[in-house]
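Take a look at the letters that make up each chain.
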Amino acid sequence: MRLAVNIDHIATVREARGGIEPDPVHAAVIAELAGAEGIVCHLREDRRHVNDRDVRVLREVVSTKLDLEMAATGEIIAFALDVLPDLVTIVPEKREELTTEGGLDVAANVRFYTDLVSAMHDKRIDVSYFIDPDLHQVEAAARCGANIIELHTGTYANSRSRAEAEAELTRLRLAAEAASEAGLIVTAGHGLDRRNIAPICRIPQIEEVSIGHALISRAMFVGMKGAVEEMLDTIATATRM
Ligand code: PXP
């Protein structure tokens, strides 16, 4: 299983003072050197952390895979088509939210999301839809022609009991199986950390996890390199079990 590192929160710390440090580009380079196989950043409409310059410099510097997480709004779509990340992950976005709160409702707007896939594919940009582990949404993402789905693991990560976690893991397994059968690449993310990631690693269809907050939090104490290496070790151990 591959690890993609979301570096938004390095930019969050920078924005706390409005200066130039710490630079998310430095974090991306260290994460790649430590073994990450992708770098993720979310260019939000309000630019609360990552900004346009970050994405443009990351596009030049990232040598693994640059995944631009974004809402499907006109301005951000135009930006993506100009900067040409390897991949866009389409998420719902609300200004008042602290972080992405749930999956995208692809099924509600298949026509729009199909056109979006065509526009991105014309520029050789892969498209991932970030969805809840819901078979209806998996089927809609496949119908739109997306290459990839990222399953939202936030409900699993925030579950308060073993029973709740098991129920959500079952939904994740079923969605991963259905997506894989439909020819989609399956990834997962949101709220994952070293304590809760093992069961996710054991879902064979999930090829990649996208992790931000837990990794950047840990990096404050052990450094970016240490935090990425620890996570890779945890993933490798869980995958072997
Ligand atoms: N995947 C998506 C689509 C996200 O929106 C986020 C949060 O930016 C993540 C993964 C990473 O979540 P976390 O920061 O909780 O690890």
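All residue numbers here refer to positions counted from 1 along the written sequence of the relevant chain. The predicted origin of the model limits local features to residues at a pLDDT of at least 70 and limits the giving and counting of side-chain atom pairs to 80 or more, whereas totals for whole chains, interfaces and linings rest on all residues. Side-chain descriptors were evaluated using all non-hydrogen atoms of the structure, hydrogens and water having been removed beforehand.

A. Inspection of the overall build of the chain at higher detail. If you tally the helices and strands in the chain, you get ten helices and eight strands. For the radius of gyration, the atoms used are the C-alpha atoms, and the globule rule reads 2.2 Å times the number of residues raised to 0.38. For 241 residues, the compact-globule formula gives about 18 Å, and the C-alpha radius of gyration of the chain, at 17 Å, lands near that figure. Overall, the C-alpha framework of the chain stretches about 45 × 40 × 30 Å when taken along its three principal axes. A simple rule labels every residue: compare its accessible area, found with a 1.4 Å probe on the protein chains alone, to the largest value its type can have, and call it buried under 20%, exposed over 50%, or partly exposed in between. Within the chain, the fraction of its 241 residues that count as buried is 49%. Here, two residues are considered to be in contact whenever any of their heavy atoms come within 4.5 Å of each other. Summarising the internal contacts of the chain: among those between residues at least 6 apart in sequence, 66% fall at separations of at least 24. All accessible-area figures derive from a Shrake-Rupley calculation using a 1.4 Å probe, and residue coverage is judged against the displayed protein chains alone. Looking at the chain as shown, the accessible area adds up to about 11,200 Å², and 51% of this sits on carbon and sulfur atoms. Placing the 26 positive and 39 negative side-chain charges of the chain at their respective mean positions leaves the two points 3 Å apart. The secondary structure listing takes helices from DSSP runs of H or I that are at least 4 residues long and strands from runs of E that are at least 2 residues long, numbered from the N terminus. The charge count treats Lys and Arg as positive and Asp and Glu as negative. His and the chain ends do not count. By convention, charge coordinates are those of NZ in Lys, CZ in Arg, CG in Asp, or CD in Glu.

B. Here's a closer look at the site of the ligand. Working definition: residue near molecule or strand if any one of its non-hydrogen atoms lies within 4 Å of it. Surveying the vicinity of the ligand reveals 15 residues, the closest of which are Glu 69, Thr 100, Glu 150, Gly 191 and Gly 212. Identification of polar contacts relies on pairs of N or O atoms within 3.5 Å, with a donor-acceptor requirement for protein atoms, meaning one able to donate a hydrogen and the other able to accept it, and with residues adjacent in sequence counted only if both atoms are side-chain atoms. In the environment of the ligand, an oxygen atom lies 2.8 Å from a nitrogen or oxygen atom belonging to the backbone of Gly 212. Between His 213 and the ligand, the recorded distance is 2.8 Å, taken from a backbone N or O atom to an oxygen atom. A total of 390 Å² of accessible area belongs to the ligand in isolation, and the protein chains cover 93% of it. Any residue outside Ala, Val, Leu, Ile, Met, Phe, Trp, Tyr, Cys, Pro, Asp, Glu, Lys and Arg is labelled polar, Gly included; the first ten of those are nonpolar and the last four are charged. Of the residues in the shell around the ligand, the class split is three nonpolar, nine polar and three charged.

C. Up close: helix 1 (residues 8-17). Buried residues of helix 1: Asp 8, Ile 10, Ala 11 and Arg 14, and no others. The buried residues of helix 1 occupy an angular sector of 155° when projected down its axis, which confines them to one face. Downstream of helix 1 by a residue or two, Gly 18 has a phi angle that is positive, lying close to 65°. Relevant arc is that of directions from the helix axis to the C-beta atoms, nothing else.

D. Region of the structure containing the packing of aromatic side chains. Note on aromatic contacts: the rings of Phe and Tyr and the six-membered ring of Trp form a pair at centre separations within 6.5 Å, being stacked when their planes are under 30 degrees apart, edge-to-face when over 60 apart, and tilted otherwise. Tallied over the full model, the rule gives two aromatic pairs. On the numbers, 5.2 Å between centres and 75° between planes, the contact of Phe 112 with Tyr 113 is edge-to-face. Measuring from ring centre to ring centre gives 5.2 Å for Tyr 113 and Tyr 129, while their planes differ by 75°; the resulting arrangement is edge-to-face. Pair noted here: Tyr 113 is in helix 5 (residues 110-122) and Tyr 129 is in strand 5 (residues 126-131), with a separation of 16 residues, a long-range link. Overall, the relative accessible area of 0% leaves Tyr 129 in the buried class. Here the aromatic cluster, defined as three or more aromatic residues joined through ring pairs, consists of Phe 112, Tyr 113 and Tyr 129.

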